[in-house]
Amino acid sequence: MALPPIPKKLSVKDFAVVDLFCGVGGLTHGFVLEHFNVKAGIDFDKSCKYAFEKNNRSKFLHKDVSQLTPQELNKFYGKKRKILVGCAPCQPFSIYNHKNSNNKQKLGEDVKWKLLYSFSDLIDSTEPEIISMENVPLLAKFNNGKVFKDFITKLHKKGYHVTYYIVNAQEYGVPQRRHRLILFGSIHGRIELIPPTIQDGRYNTVRDAIGHLPAVEDGITHPKDRLHRARKLSDLNKKRIQATKEGGFWRDWDESLWLECHKKESGKSFRSVYGRMTWDEVAPTMTTYCTGLGNGRFGHPEQDRAITLREAALIQSFPASYEFSDPDLPLSTPNIARHIGNAVPVGLGAAIAKSIKNHIKSIGKK
């Protein structure tokens, strides 16, 4: 791999970053906060364009990464040194798909895992000096680890030093349990993930993230923030959330409120369904259905509703000022919930960026 000469002092200003599968920019924003120049984000979902560009002063390219050519990608770098990062869609490797018997056959057939090979091919053809990939831990076990091993093997053959880590985002200030796999590759040597920023167990909690927000009722939008709106509950679900204590779930209810599945032996283990969060603990993992009461432990700790889009975004460590939709257009709650749930938490993105920044400083000292 032919590289430009290394100056005596090398800094983030010498590099340009491109974010593949960028979504609304959670990973990118972590890099922006660490003063990297993110030239572009690329995603096949054009509904991410407004949020990505509005908050990151970067260009959004609406394109399927599997169809992206090396020439298109290289244009974004210009004469800058290259960093390529991304989080390939992880649905084939999710715990839900891994455990759901109806999806077991689909695991072998789902073509989305091929996007990781597209990522690998672009690395091979454009030769960035530094790369990073974020995904779910089950990627390393999927199909006996073949997809992940193939990715690493190709990097090694290209001359990259590869490191990877399984982390919990709560250790980096994200008020949420979210276990992720983070991989680094560099031509210049090993990249070490920065140590956890929270080492005393005093994690940011649900209260820290959303306790300051004004109360809202289900189905009512706060007049000063249209993202601070909870989904309207049916009369039955209103009774269910009212019967649920902080940190509790459906076992708190009178049997007259149970769902049919709860009455079966197989349904008694569904602890997360219709649950409330706990004020002084971290939140559960935000998903693409994080504003639905019946989709997990997404009930507000004390108000009789599920969490709002704004609350979900704050739990994902997006700044309160982050804009997710054009104010001149109608709000699509399902779209934004999906964008938020799919995002790399900004706090975790910043930890990845800091790790790369430290590595760049070490290159300049060699």
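Residues numbered from 1 in each chain as written. Predicted model: local features only at pLDDT ≥ 70, side-chain atom pairs only at ≥ 80, totals over all residues. Heavy atoms only, no water.

Draft legend 1. The packing of helix α6 (residues 114–126) against helix α7 (residues 146–158), seen in detail. Relative to each other, α6 and α7 sit at 0°, their axes nearing to 10 Å. Taken together, α6 and α7 sit at an angle that is classed as roughly parallel. Residues Leu116, Tyr117, Phe119, Ser120, Asp121, Ile123 and Asp124 of α6 touch α7, and the partners they reach there are Lys146, Val147, Asp150, Phe151, Lys154, Leu155 and Lys158. A class-by-class count of the residues in the contact of α6 with α7 yields seven nonpolar, one polar and six charged. (Axes fitted to C-alpha atoms, helices over the stretch in contact; angles between N-to-C directions. Helix = DSSP H or I, 4+ residues; strand = E, 2+ residues; numbered from the N terminus. Parallel < 35°, antiparallel > 145°, perpendicular 65-115°, else oblique. Contact = heavy atoms within 4.5 Å. Nonpolar A, V, L, I, M, F, W, Y, C, P; charged D, E, K, R; others polar.)

Draft legend 2. Highlighting helix α1 (residues 26–33). When you tally the buried positions in α1, you get seven out of eight residues, the bulk of the element. Along α1, the residues that are buried comprise Gly26, Leu27, Thr28, His29, Gly30, Phe31 and Val32. (Buried < 20%, exposed > 50% of the residue type's maximum accessible area, 1.4 Å probe, protein only.)

Draft legend 3. Region of interest: the sheet that holds strand β7 (residues 179–186). Here we have seven strands laid out as an open sheet, ordered β3-β2-β1-β4-β5-β7-β6, and mixed in their pairing. For this open sheet the edge positions go to β3 (59–62) and β6 (161–168), each flanked by a neighbour on one side alone. With strand direction ignored, the average angle separating the axes of adjacent strands in the sheet is 15°. Pairing of strand β5 (residues 130–135) with β7 involves six bridges; the strand directions are antiparallel. Opposite glutamate 134, over in β7, you have isoleucine 182 as the bridge partner. Set on the sheet, helix α2 (residues 49–56) makes contact with β2 (38–43) and β3; between it and β3 the angle comes to about 160°. Contacts from α6 reach β1 (15–20), β4 (81–86) and β5, with the element oriented near 175° to β4. (Pairing = 2+ DSSP bridges.)

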